[in-house]
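# Coordinate analysis (summary)
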Amino acid sequence: MDNGDADSGRVEARRSSRHNAKGWRLPDGGQHYPALVLNADFRPLSYFPLSLWSWQDAIKAVYMDRVSVLSEYETAVRSPSVTMRLPSVIALKDYIPSARRPAFTRFNVFLRDAFVCQYCGDRRPTPDLTFDHVIPRSRGGRTTWENVVTACGGCNLRKGSRLPRECRMFPRMAPRQPTTWELQDNGRAFPPNYLHEDWRDYLYWDSELDS
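The text that follows walks through the structure, step by step, so that each part is easy to find. (Residues numbered from 1 in each chain as written. Predicted model: local features only at pLDDT ≥ 70, side-chain atom pairs only at ≥ 80, totals over all residues. Heavy atoms only, no water.)

## Thoughts on unusual backbone geometry
Positive phi is not limited to glycine here, since D65 has a value of about 65 degrees. Within the fold, D65 resides in the loop between α2 (55–63) and β3 (67–78). Residue classification places D65 among the partly exposed positions, given a relative accessible area of 49%. (Helix = DSSP H or I, 4+ residues; strand = E, 2+ residues; numbered from the N terminus. Buried < 20%, exposed > 50% of the residue type's maximum accessible area, 1.4 Å probe, protein only.)

## Things to note about the packing of aromatic side chains
Counting across every chain of the model gives three aromatic pairs. Between Y33 and Y73, the ring centres sit 5.0 Å apart and the planes meet at 70 degrees, which makes this aromatic pair edge-to-face. Here the residue Y33 occupies a position in the loop between α1 (3–17) and β1 (35–38), and Y73 occupies one in strand β3, the gap between them amounting to 40 residues. Aromatic pair F104 and W145: ring centres 5.0 Å apart, planes at 55 degrees, arrangement tilted. In this pair, F104 is assigned in the loop between β4 (83–92) and α3 (106–112) and W145 in the loop between β5 (129–133) and β6 (148–152), connecting sequence segments 41 residues apart. (Phe/Tyr/Trp six-rings, centres within 6.5 Å; stacked < 30°, edge-to-face > 60°.)

## So, the pattern of salt bridges
A side chain with one charge may pair with a side chain of the opposite charge, provided their charged atoms come close. Under the criterion given, the structure shown has eight salt bridges. Close ionic contact of E72 with R85 constitutes a salt bridge, the shortest N to O distance being 3.6 Å. Linking E72 in strand β3 with R85 in strand β4, this pair joins segments that are 13 residues apart in sequence. Take R85: its relative accessible area is 34%, and that puts it in the partly exposed class. Put simply, R176 and E182 hold a salt bridge, and the shortest N to O gap is 2.9 Å. Taking the relative accessible area as the measure of exposure, R176 reaches 43% and is therefore partly exposed. Judged by its relative accessible area of 23%, E182 is partly exposed. Beyond isolated ion pairs, a larger network of salt bridges with shared partners links E72, E74 and R85. (Salt bridge = Lys/Arg side-chain N within 4 Å of Asp/Glu carboxyl O.)

## Things to note about the pairing of β1
Neither face of β1 is open: one carries A35 and V37, the other L36 and L38, and all of them are buried. Two strands pair when backbone bridges link them, and β1 and strand β2 (residues 52–53) are joined in this way by two bridges, in the antiparallel orientation. Following the sheet pairing, L36 is matched in β2 by L52. By the bridge criterion, three bridges tie β1 to β4 in an arrangement that is parallel. Across the sheet, the residue bridging to L36 is V89, located in β4. (Pairing = 2+ DSSP bridges.)

## Quick notes on helix α6 (residues 180–187)
Here α6 has its buried residues at T180, L183, Q184 and G187. Axial view of α6: buried residues confined to an arc of 100 degrees, hence all on one face. (Arc of directions from axis to C-beta.)

## A short note on the sheet that holds β2
Read across the open sheet, the four strands follow the order β2-β1-β4-β3; overall the sheet is mixed. In this open sheet, the two strands that pair with only one neighbour each are β2 and β3.

## Quick word on the environment of S71
In this fold, S71 is placed in strand β3. In this structure, the C-alpha to C-alpha distance between S71 and I90, residues 19 residues apart in sequence, is 7.1 Å. Leaving out residues up to four positions away in the same chain, S71 has contacts with P87, S88, V89 and D198. (Contact = heavy atoms within 4.5 Å.)

## Side note on the side chain of D113
Position of D113 among the secondary structure elements: in the loop between α3 and β5. One polar contact links D113 to R112, side chain to side chain, over a distance of 2.9 Å. Residues contacting D113, with those up to four places away along its chain left out, are Q118, V149, T150 and M173. (Polar contact = N/O pair within 3.5 Å; in protein donor to acceptor, adjacent residues only side chain to side chain.)

Structure follows, in structure tokens:
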């Protein structure tokens, strides 16, 4: 394919992407091929949950010139006039700064505490965790970063509405508001099980090497 054909193919693909990605056809019946999305500094937009786009959104971003393709799957999609390998790793061309203050959510509390019950020290899957008010709301405690910790169901039930000194149950770490960077750093320890081999270099390139 010469440059003229390539350019006309991109124009055709860009035109179809403005409407939708339904014109593209996967030869294997339409499996999902997520693309790892990196910021312009080549770090993932987020580690947990990992920043992923569907193959449709990735292709659309490519032809809107919003991203650069760093790695591709072997699988290709086809439209009547264009064939394109699916992006596996893409990087934004415009840098998106991280929020200075992370959202105060149940999941981010778990992530701050590394999914560990702050009373018994057991690490549990998310469905087995809840959050506990160190100073119970019935005793004047507020629902804030500084008064909420991750707890398993058993410890949460055992502590009840008592103060830490009354039941001798003290958090292993004093609760506090984390930074976005801290949450991202914690999230790197919990990658999904379906990591594509092309993604590993982009997730761990800045990790410390073993001496």
